[in-house]
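Listed below are the residues making up each chain.
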Amino acid sequence: MEATYVSTFTVYSSCLLLLLLLVVVVSWKALNWVWFRPKKLEKHLKEQGFRGNPYKLLHGDFKEMSTLYTEAQSKNLNLSDDIVPRVIPQYLGAVKKYGKNTYLWFGPRPAVVIMDPNLIKAVTQKVDVFRKLRVHPLGRLLALGLVSYEGEKWAKQRKLLNPAFHVEKLKLMLPAFYKSASEMVTKWENVISPKGLAEVDVWPNLQALTSDAISRTAFGSNYEEGRRIFELQREQTEHLMQAARSVYINIPGFRFLPTKRNRRMKQITREVNGSVREMINTRRKAMRAGEAGSDDLLGLMLQSNSQEIEKHGNKDFGMTTEEIVDECKLFYLAGQETTSGLLVWTMVLLCRYPEWQARAREEVLQQFGTKDPDFEGLNHLKIVTMILHEVLRLYPPVPIMSRGTTQETKLGNLTLPAGVQITLPIMLMHHDPDIWGEDVKEFKPERFAEGVSHATKGQVAYFPFGWGPRICIGQNFAMLEAKLAMSMILHRFSFELSPSYTHAPGRATAVVQPQYGAHLILQKIYLDKTKFCAITREIIEECKLLYSASAQTSKNVLENRFCNTLLGPKISQFDEPNFKEIQEHGNERFGLTSEEVIQECKLFFFAGHETTAILLVWTLILLSKHSDWQARARDGFFRSLVTMILNEVPRLYTPGVMISRRVNQDTKLGELSPPAGMIVLMPSILLHHDPSLWGDDAKEFNPERFSEGVAKATKGQQCFLPFGGGPRICIGQNFALLEANMALALILQRFSFELSPLYTHAPYLFRTLLQPQYGAQLIMKKLWICIDFRMMCPKVEYMVPAFYLSCNEMLSKWENLAPAEGSFELDVWPYLQTFTGDVISRTAFGSNHEKGRRIFELQREQALYIEQVMQSICLPGWSFVPTERNKRMQKIFKEVNSLVMGNINERLKEIQTGEATSDDLLRILLESNFNEIRQHGNKNCMSLEEVIEECKLFYLAGQETTSGLLAWTLILLSQHFDWQARARDEVLQVFDNNEPDISKLNHLKIVTMILNEVLRLYPPAAMLFRMIPEETKLGELSLPEGMFIFVARVLLQQDKDLWGDDAKEFNPERFSEGVSKATKGNLSLFPFGWGPRTCMGQNFAMLEAKMALALILRRFSWELSPSYAHAPQVVLTLQPQYGAHLILKKLLAIRSTA
């Protein structure tokens, strides 16, 4: 009995002890969570230089933040007031109180505020170190999806989703965007009063528009059901935002309590998940049966998922049904909220700034006329894009972005402990005067006139869609939708703020929205004569005969034949929208009469013909006087040069020297009050020559002033008016500039020219236009060019498969060396040499690339001998001495010539018999030569010996240059992982899983920037040599005959006076706005030479390098091996003396920022 009692007591004691121990452990963890750990983190942050409120038990700064938010929401703003205090008062208050290095307490967790652009860049790029915050369990009821995943799972999901957001797929979604926007503007038109005005709260309409667009693009024909999902998701978001502002959200298990809100959130989740799952299953069945397309997001996602599973034969590589459900829910939440917010704030701001509204409308009408907006046209809307960027700067959709640390982490000079939340205050960064200037609070779209990179000065200071590898996958989707919607709104309505509008930006959901709606007064824009521009091009093409017709003939044609025959089929295109307007309003005054059409056509011929002819003649005269600019334009290294020239010419020789306007009513013009009837004269030619506006060189021909565009050249002032300005700017300006560009390009390609001694410079006004009174006598010289790779883009395109095949062979060898897991070391230099030799062999000799390889090996051996000879003393006649080296060099020379001659003879036979079908360089060279012989006889053409020498040169220059460029690129990207990651992200975004092609290779901006920077630091040829054949004047120098000139290219391209203090550093960002901007117009970057003798194979080399680098980035990541020895050496070209030893890692899961 006693033993039983003892045993029972022991059991009870043990249980009690365990219970006590459990209570102690739980209590300790609770205390650590609510007190000890927060205090430890607080101490650590203060040691790092951060300041903030002292930690308060459990709730931290929640009470203070809630009070600040409630007070902020209760106050309305004036239109000119700063919105930051109302949207994110807690962050602004902390920064004002403690400075930019501050933190806030979200319960027991500190949130460190980071406002240094360099640190923000590090946080957003190092996705494996700074991770997204763990989604709160209540947040999981709203949506998980891509934004919540990390590591390999995120990489896998991103890869699977990329195809759905590829540019080519977005084009297919444009009709859905158009249909949704068309429905909205039609509703607005229906509420317009007979006076053409109506007050509308556009906010709910814009929400309906974007939800409709998401519904259509996500679920195709099932958009009605999609609408219901959107409504439920929006309600769920509101519940979550209410919960997020409560201190109870941090209490573990609170979500399980059966509160009214918790029960409703779970009910919504069940209903949404059920609806989406049913649609997914229905679509899968239809796709299996071949009954459904895959042009909407759901179809594209399911298709990408199926292809990935089939490719690997394992479902682990695809998404589960639950994951697809979450992605669909995320489409609604992110896509709808972001774009509707962007559109509403754009309309509000354009109401406040009607001049920008007018400029945007003018651009839309010029671009589309009566046509529906299309993808290409939307991409050419520069002013609309500038406006959208400025709206996103002032009103970023999500004002705060957060990341977290899972372990002690180094960030710049800071050491952040595990468990710290990092807050990136997007809105504060976008409104920071230290970054954007004193006008930071003002709406100034012109700050984006030269792109985002220029506006931010290369800093990560603008990131409305995030930044780095985790940048929003749908940003292109959102911007395309916004451009189309704004184009349609601007085309049909003008708008201004209603007196009932209350300016109150707030956050009912995660996105900044107008709390009380957006009440605007809309005014319908009716059809006017500007719509006639839609058919201008076709009419002018069919009526070119009028250019040469006499005045009487023109009159007859215009009044009779033109209207009855030529214009007949075209006028119907105009009449359809014209008659609709007449029917709608019951009045013919809304259309054009036949007489008005005739007058418009006559004006086209007079204005279009005269303006362009005058622009071209002054251009030729000025380029005759400035042969350096003529050579640069002909060279074509920078395509923007012709545009710069065509801007500078009408500045100096303005087609219409005076603009006149009549005042039709008493008005205010600055401080003047001109009465009705007064004529206002604007002497545009005086404005264009004013040194106070253009500088002391205002009278000089200096196209460089336009190197950064017109806006920068004019400093934002209205002082460049070659085609007028404002709403009545010449409707045909783009037509004239396009025609001038084409004509000048063709002239420069075929002729060089200089002024004749007979030319008399006498500009005079004739029919209001500035013309050369005595003509323009020039001395023209025909350019005999047998072949130039810069002029043969279509031919280079045919060589892309050869590039791909050679590179694929090299990478397959690398993959065969790779272990199943982990990394391996490889000297990539010999592989790159073999690759580029192979490319030259294939592209030079087509199917005879095996013979080509032999030529390459012999030429390479010859190059080594020549390098040895150049390093020794050269005695006259020494090459004839029968040394071993000289005999070997002679033997190589004969063997190479024999091999090349054999190939040439074979190809000549094929060409003569019509059997040659390949597009290799040898055939192009021979055909070009034969064409010249047929036209001009043997004069100015190449002999067979010269053809042989050209083929040999292909090998030497082509192989050495590109292999060196690739080797140094891989080495530098080994040292700069951030640029390697950015380049890889761009490649995956542009190509996805498709093979690279020439059009997409030309869209690799980051890769191009990297290659330009590598060529700057490691130019293929370090020196450039020239010999003077006769006594020559060079600047202030007089150089005698026979002297050699050495241009130290490698020194010039690393000169701090030209490139800045970071001249020795690898910084591709300097080329973000092109070579011309990076060099400030100086001749300080010429890796392929310059002028008429610039390397004709530069486009070939750059295209080959882009292809190779793109394929390498897709399959491998790499870093420098410890065995790598940095020893650049010149062997004709700059090469790594001891090879390029890298540690390669095969990529299994591909990340992308598409």
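Residues numbered from 1 in each chain as written. Predicted model: local features only at pLDDT ≥ 70, side-chain atom pairs only at ≥ 80, totals over all residues. Heavy atoms only, no water.

- The protein goes by Cytochrome P450 CYP72A219-like in an unreviewed UniProt entry, where it is assigned to Coffea arabica.
- The heading Subcellular location (unreviewed entry) in the UniProt record of the protein holds the text "Membrane". (UniProt positions renumbered as here; feature names shortened; annotations may be inferred.)

### A few points about the pattern of salt bridges
Part 1: For the structure shown, the criterion picks out 26 salt bridges.
Part 2: The residue Lys-39 makes a salt bridge to Glu-42 at a minimum N-O spacing of 2.9 Å. Of the two residues, Lys-39 and Glu-42 are both situated in helix α1 (residues 2-47); the distance of three residues between them amounts to about one turn of the helix.
Part 3: For Glu-390, the salt bridge is made with Arg-447, and the minimal N-O distance between the two is 3.1 Å. Taken as a pair, Glu-390 in helix α15 (residues 382-394) and Arg-447 in the loop between α17 (433-436) and α18 (452-455) lie far apart in primary sequence, 57 residues in all. (Salt bridge = Lys/Arg side-chain N within 4 Å of Asp/Glu carboxyl O. Helix = DSSP H or I, 4+ residues; strand = E, 2+ residues; numbered from the N terminus.)

### Comments concerning the sheet that holds strand β2 (residues 102-106)
Part 1: What the six strands build is an open sheet, ordered β1-β2-β3-β9-β6-β4; its pairing is mixed. Edge positions in the sheet fall to β1 (51-52) and β4 (130-131), since each has one partner strand and no second.
Part 2: Bridge count between β1 and β2: two bridges; the pairing is parallel. Of the residues in β2, the one forming a bridge with Gly-52 is Tyr-103.
Part 3: Helix α5 (residues 117-125) contacts β4, β6 (401-405) and β9 (421-424) of the sheet and is inclined by roughly 120° relative to β9. (Pairing = 2+ DSSP bridges. Contact = heavy atoms within 4.5 Å. Axes fitted to C-alpha atoms, helices over the stretch in contact; angles between N-to-C directions.)

### Digging into the side chain of Glu-362
Part 1: Within the fold, Glu-362 resides in helix α13 (residues 354-368).
Part 2: Look at Glu-362: it is buried, it has no salt bridge, and the nearest opposite charge is Arg-359 at 6.7 Å.
Part 3: For Glu-362, the contacting residues outside a window of four places in its chain are Gly-726, Pro-727 and Ile-729. (Buried < 20%, exposed > 50% of the residue type's maximum accessible area, 1.4 Å probe, protein only. Lys, Arg positive; Asp, Glu negative; His and termini not counted.)

### Considerations on the packing of helix α7 (residues 167-191) against helix α8 (residues 202-219)
Part 1: Relative orientation of the contacting elements α7 and α8 amounts to 155°, with a least axis distance of 9 Å. What the angle tells us is that α7 and α8 run roughly antiparallel. For the pair α7 and α8, the crossing hand works out as right-handed. Within the contact between the two elements, α7 uses Met-173, Ala-176, Phe-177, Lys-179, Ser-180, Ala-181, Glu-183, Met-184 and Trp-188 and α8 uses Val-202, Asn-205, Leu-206, Leu-209, Asp-212, Ala-213, Arg-216 and Thr-217. (Parallel < 35°, antiparallel > 145°, perpendicular 65-115°, else oblique. Left-handed = near helix turned anticlockwise from the far one by under 90°.)

### What about helix α19 (residues 475-492)?
Part 1: Taking 1.5 Å per residue as the helical rise, α19 with its 18 residues ought to reach 26 Å, and the 26 Å between its terminal C-alpha atoms agrees with that figure.
Part 2: Within α19, 15 of the 18 residues are buried, leaving the element largely enclosed by the surrounding structure. (Expected span 1.5 Å × (residues − 1).)

### Quick word on the sheet that holds strand β28 (residues 1141-1146)
Part 1: Ordered in space as β20-β28-β25, the three strands form an open sheet in which the pairing is antiparallel. The strands lining the two open edges of the sheet, one partner per strand, are β20 (823-827) and β25 (1116-1120). Across the sheet, the mean angle from the axis of one strand to that of its neighbour is 35°, orientation sign disregarded.
Part 2: With five bridges joining them, β25 and β28 adopt antiparallel strand pairing. Along β28, the bridge assignment pairs Trp-1118 with Leu-1144.
Part 3: Set on the sheet, helix α41 (residues 1098-1115) makes contact with β25 and β28; between it and β25 the angle comes to about 95°.

### Describing the nonpolar core
Part 1: Formed by 146 residues in total, the largest nonpolar core has its most connected members in Ile-114, Met-347 and Phe-495.
Part 2: Examining the composition of this core, we find that 14 residues originate from one element, helix α12 (residues 321-352), more than from any other.
Part 3: Setting aside residues up to four positions removed in sequence, Phe-495 forms contacts with Met-347, Leu-350, Cys-351, Gln-357, Arg-361, Met-486, Ile-489, Leu-490, Leu-520, Ile-521 and Leu-522. (Core = buried A, V, L, I, M, F, W, Y, C linked by side-chain atoms within 4.5 Å.)

### Re unusual backbone geometry
Part 1: Non-glycine residue Leu-58 carries a positive phi angle of around 70°.
Part 2: Inspection of the secondary structure assignment puts Leu-58 in the loop between β1 and α2 (62-74).
Part 3: You will see that Lys-457, though not glycine, has its phi angle at about 55°, which is positive.
Part 4: Considering the arrangement of structural elements, one finds Lys-457 in the loop between α18 and α19.
Part 5: Classification of Lys-457 by relative accessible area gives exposed; the value is 62%.

### Side note on the pairing of strand β13 (residues 519-524)
Two faces make up the sheet, and in a regular strand the side chains alternate between them.
Part 1: Here β13 shows one buried face, formed by Leu-520, Leu-522 and Lys-524, and one open face, formed by His-519, Ile-521 and Gln-523.
Part 2: Sheet analysis places strand β10 (residues 493-497) next to β13, joined by five bridges and oriented antiparallel. The residue bridging Phe-493 from the neighbouring strand is Lys-524, located in β13.

### Here's the deal with the packing of aromatic side chains
Part 1: Taken as a whole and judged by the stated rule, the model has 23 aromatic pairs.
Part 2: Ring centres of Tyr-103 and Trp-105 lie 5.9 Å apart, and the angle between their planes is 85°; this geometry places the pair in the edge-to-face category. Each member of the pair, Tyr-103 as well as Trp-105, is classed as buried.
Part 3: An angle of 85° between the planes, with centres 6.3 Å apart, marks the rings of Trp-814 and Tyr-831 as edge-to-face. On the criterion of sequence distance, the pair formed by Trp-814 in helix α29 (residues 793-817) and Tyr-831 in helix α30 (residues 828-845) is long-range, its members being 17 residues apart.
Part 4: Taken together, the aromatic side chains of Trp-35, Tyr-55, Tyr-103 and Trp-105 make up a single cluster linked through ring pairs.
Part 5: The lysine or arginine in question, Arg-651, covers the ring of Trp-694, its NZ or CZ lying 5.2 Å from the ring centre.
Part 6: One cation-aromatic arrangement involves Arg-982 over Trp-979; the distance from NZ or CZ to the ring centre is 4.2 Å. (Phe/Tyr/Trp six-rings, centres within 6.5 Å; stacked < 30°, edge-to-face > 60°. Lys NZ or Arg CZ within 6 Å of the ring centre and 35° of its normal.)

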